[in-house]
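Chain by chain, the residues:
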Amino acid sequence: MKTRILPCLMLIALLSAATNMQAQTKTKSAPALDAKIDAIVKKLTLEEKISMLHANGIFSTAGVERLGISGLMTDDGPLGVREDVKEGWGSANLTTDSATFFPNGSALAATWNPELAYRFGHDMGEEARARKKYIMLAPAFNIARTPLCGRTYEYYSEDPFLNSRLAVQAVKGIQSQNIAACVKHFVVNNQEVERGRVNVNVDERTLREIYLPAFKASIMEGNAWTIMSAYNKLRGVYCSENDYLLNKVLKGEWKFKGIVISDWGGTHSTVAAANNGLDLEMGSGPKYDKYFFATKLLDSVKSGKVSMKVIDEKVHRILWVLYHTAMSVNPPAGKMNTPAHSKTVYDIAAESIVLLKNDKNLLPLNTSSIKSLAVIGDNATHTFHLGGFGAGVKAKYEVTPLAGLQSRLGKTVDIKFAQGYSGMYRQHGANVNAPTKPADSAMVAEAVALAKSTDMAILFIGGNRDYESEGSDRKDLSLPFGEQTLVDAVTAANQNTIVVVVGGAPYDIGKIKENNHTIVWSWYNGSENGNALADMLLGKINPSGRLPFTFPAELKDSPAHALDAYPGENLQVDYKEGILVGYRWFDTKKIEPLYCFGYGLSYTGYKYSGLKTAKKTYNTGENITATVTIKNTGKYAGKETVQLYVSKDGSAVERPEKELKAFKKVLIPAGQTANVTVSIPVKNLAYYDVKTSKWVVEPGKYKLLAGSSSRDIKETETINVN
């Protein structure tokens, strides 16, 4: 034994020394890199500097060939590396730009798994590196303030803490490949209605507690190298020229060293934008010399309206990002469409699917009793890698739900398909979605006839990427395409009907919840969508997805709608709900949602017991360590997401009934028990005090609440904070 232990100890010591050496080298290299960049800046002419500060193509910027300075190539990234385009956004029609299609943002959030967020970023970064795209315009994680927002599918959740934990890991994953993550959209871009002109009025405490935390974490913990300013205004000033937001908070308080990039066409001035923190102007139109940061900026410098110091700082930031990306030393080689990437997509999809209802225990499927299966609904064969007014991917492949079921069951079960409804929807550029066509009676009749003739029906409904789209919000939460009519008819025809709803944002499925016994929620789940979903239905995967946002029973129950604070009037929207966003509103106001934040069922059961903390009293600089025992009481191994909320009674300020402060996803074998420990820094219990502009931790009693959702609290414990 001793002979084995000694080499192990030596190896540990060597690894430790190497780690310390790397840390020291990194510390020393930062000033050296700054000095190197400063020397280059001095060699550049004013015209060369200006040429680096604006786009020279839809996704590109210019370099300076004379000095060997590369340009930057950006790329949309919410779902993967998009296909190459030519001027005018048309496809470049290449045969070399297929990519892996990754699950959408709310699907990733539904995993509640930061490790998967890292793999998501890492693999996307590998593909960006292989395609020489040096800035990925991802992740996007604006708060889901209204369920109608057309980009909810792209964003993460309604909770700033969940957003933060996932955003940090996605950023770290992307940048592990020497590719810059561009976190977006900074900030309060929470609706598509008039997004380019609307002014958001939000109080400082709400801004700090709800809308800034994930951005702050992505910068200060994730070390994101670039950030994108939002289209909208904040307190009367466009985000792309907002001195408070960009100079004081981002570059001042958070010490951000990278580039502030405008959204495409989101720049509105030259002098104000240049002086107030924007570094790089992007847009999608030609005549790039007419941009605000092109000839107009050159003239503004010459006339003394913008100082050379301001220009040099912007160029320094761009070079700093270049040296971390396009001009980095010994970067990774990059990889495209690998089996490892497909496995990441499969794992995210598998952990994102939410089992909403399973009253008859039809799931997992007992295939020995099923001889024939009706698969019904356009979403069973619809692909989601492209669609709508927004970023897509030319997917190398995409397995649809029907294809997934056929590959798993096709040899033993007679599977027949009926479309049920048409998911065709085309409307780009409008603020709000137009109504979709009602149910097609002939399609419904065909689906009903098929359902009657089979042992079981699996009905696929919901939205698609044309209906949920950047550029427009939905007008309401109704199911599109006459789907409720189809659900009612098929359910009446076959009592063994499983409803699978596909979407990236909440829908009104109240009638389905009331009338149907088996409901599954899926997403725009990437290249492996159909395989993961089939495996979940068959029990190869035990569902562990948890909802990342509240499903309201009625739209008027959601805070922004309850207070008539969406979409605003006269291009002004007031965030009247303040800090009570999402479950904070529903739980505090005692409003029953259709499905609560964090909700999701499993094929097994979990019993919580013995929540305890390491001690009863904590000081401000300490971490609260809480442990709860979870027993898997069923027959299936499963992953449970332990959610720890904190409540403060008798606060000097308004507080939500509870706030998520920690979570952990754990695999527990059938019949076994796990002790799950989470940690909460006491400083994270603070509220933002607008009078002092400081975070304040109130002394007194705090209640810790451990459960499987915001409404299903299993164990509580009380602590004191000095």
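Our subject is the structure that appears above.
Predicted model, so just to flag it, every value in this text is computed and none were measured.

With that settled, the discussion passes to the overall build of the protein. From N to C terminus, the protein includes 19 helices and 25 strands. For 722 residues, the compact-globule formula gives about 27 Å, and the C-alpha radius of gyration of the protein, at 26 Å, lands near that figure. For the protein, the spread of C-alpha atoms along the three principal axes comes to 80 × 65 × 60 Å. Counting across all 722 residues of the protein, residues that qualify as buried make up 60%. By sequence separation, contacts in the protein at least 24 residues apart represent 77% of the contacts at least 6 residues apart. Taken as a whole, the protein presents about 27,400 Å² of accessible surface, with 53% of it coming from carbon and sulfur. Counting 85 positive and 73 negative side-chain charges, the protein places the averaged centre of each group 6 Å from the other.

Pairs may arise between side chains of opposite charge once their charged atoms sit close together. According to the stated counting rule, one finds 50 salt bridges in the structure shown. Where D466 meets R426, a salt bridge forms, and the shortest distance between an N and an O atom there is 2.7 Å. Within this pair, whereas D466 is found in the loop between β12 (456–462) and α15 (483–493), its partner R426 is found in the loop between β11 (414–418) and α14 (441–452), the two being separated by 40 residues in sequence. Classification of R426 by relative accessible area gives exposed; the value is 57%. A salt bridge links K540 to D535, with the nearest nitrogen and oxygen atoms 3.9 Å apart. Residue classification places K540 among the exposed positions, given a relative accessible area of 65%. Here the residues in one salt-bridge network are R151, E154, K184, E192, R195 and E470, joined through shared partners.

Taken in spatial order, the five strands of this open sheet run β17-β25-β24-β19-β20, and their pairing is mixed. Sheet topology places β17 (617–618) and β20 (659–668) at the edges, where each strand pairs with a single neighbour. Pairing of β17 with strand β25 (residues 713–721), which is carried by two bridges, proceeds in the parallel orientation. Across the sheet, T617 pairs through a bridge with N720, a residue of β25.

Here the focus is the packing of helix α4 (residues 114–130) against helix α5 (residues 160–175). Between α4 and α5, whose axes approach to 6 Å, the crossing angle comes to 30°. With respect to α5, the element α4 is oriented roughly parallel. As α4 packs across α5, the resulting crossing turns out to be right-handed. Between α4, through P114, A117, Y118, F120, G121, H122 and G125, and α5, the contact on the second element is made entirely by R165, L166, Q169, A170, K172, G173 and I174.

What follows is about the packing of aromatic side chains. Enumeration according to the criterion identifies 28 aromatic pairs in this entry. With centroids separated by 5.3 Å and ring planes inclined at 75°, the aromatic side chains of Y688 and W695 adopt a geometry described as edge-to-face. Put simply, the rings of Y507, W521, W523, F549, F551, Y595 and Y599 pair up and form one aromatic cluster. Between the NZ or CZ atom of K648 and the centre of the ring of Y702, over which it lies, the distance is 5.3 Å.

F186, V187 and Y211 are the most contacted members of the largest nonpolar core, which totals 152 residues. When residues in this core are grouped by element, the largest group, nine residues, is from helix α11 (residues 308–324). Beyond its immediate stretch of four places on either side in the chain, V187 contacts L207, Y211, L212, F215, A230, N232, L234, C239 and L245. A144, Y421, L479 and L594 belong to the second largest nonpolar core, which has 37 residues in total.

Glancing now at α5. Given a rise of 1.5 Å per residue, 16 residues ought to cover 22 Å, and the 22 Å separating the end C-alpha atoms of α5 matches this to within 8%. For α5, a buried count of 13 out of 16 residues is recorded, marking the element as mostly surrounded by other parts of the structure.

The element strand β19 (residues 638–647) is largely enclosed, with a buried count of nine among its 10 residues. Note: β19 against β20, nine bridges, orientation antiparallel. The residue of β20 that forms the bridge with Q643 is F663.

To continue, consider α4. With 17 residues, α4 extends 24 Å from end C-alpha to end C-alpha; this agrees with the ideal 24 Å at 1.5 Å per step. Taken together, the buried positions of α4 are occupied by L116, A117, F120, G121, D123, M124, G125, E126, E127, A128 and R129. Packed against the buried residues of α4 are α3 (105–111), β2 (135–137), α5 and α12 (339–352). Where α4 begins, the side chain of N113 points an oxygen toward the backbone nitrogen of E115, at a separation of 3.0 Å. Following α4 by one or two positions, K132 has its phi on the positive side, about 60°.

Reading the values: the criteria
Residues numbered from 1 in each chain as written. Predicted model: local features only at pLDDT ≥ 70, side-chain atom pairs only at ≥ 80, totals over all residues. Heavy atoms only, no water. Helix = DSSP H or I, 4+ residues; strand = E, 2+ residues; numbered from the N terminus. Rg over C-alpha atoms; globule rule 2.2 N^0.38 Å. Buried < 20%, exposed > 50% of the residue type's maximum accessible area, 1.4 Å probe, protein only. Contact = heavy atoms within 4.5 Å. Areas by Shrake-Rupley, 256 points an atom, 1.4 Å probe, with all protein chains shown as cover. Lys, Arg positive; Asp, Glu negative; His and termini not counted. Charge placed at Lys NZ, Arg CZ, Asp CG, Glu CD. Salt bridge = Lys/Arg side-chain N within 4 Å of Asp/Glu carboxyl O. Pairing = 2+ DSSP bridges. Axes fitted to C-alpha atoms, helices over the stretch in contact; angles between N-to-C directions. Parallel < 35°, antiparallel > 145°, perpendicular 65-115°, else oblique. Left-handed = near helix turned anticlockwise from the far one by under 90°. Phe/Tyr/Trp six-rings, centres within 6.5 Å; stacked < 30°, edge-to-face > 60°. Lys NZ or Arg CZ within 6 Å of the ring centre and 35° of its normal. Core = buried A, V, L, I, M, F, W, Y, C linked by side-chain atoms within 4.5 Å. Expected span 1.5 Å × (residues − 1). Polar contact = N/O pair within 3.5 Å; in protein donor to acceptor, adjacent residues only side chain to side chain.

In short, the description is geometric, and any link to function would need to be established separately.
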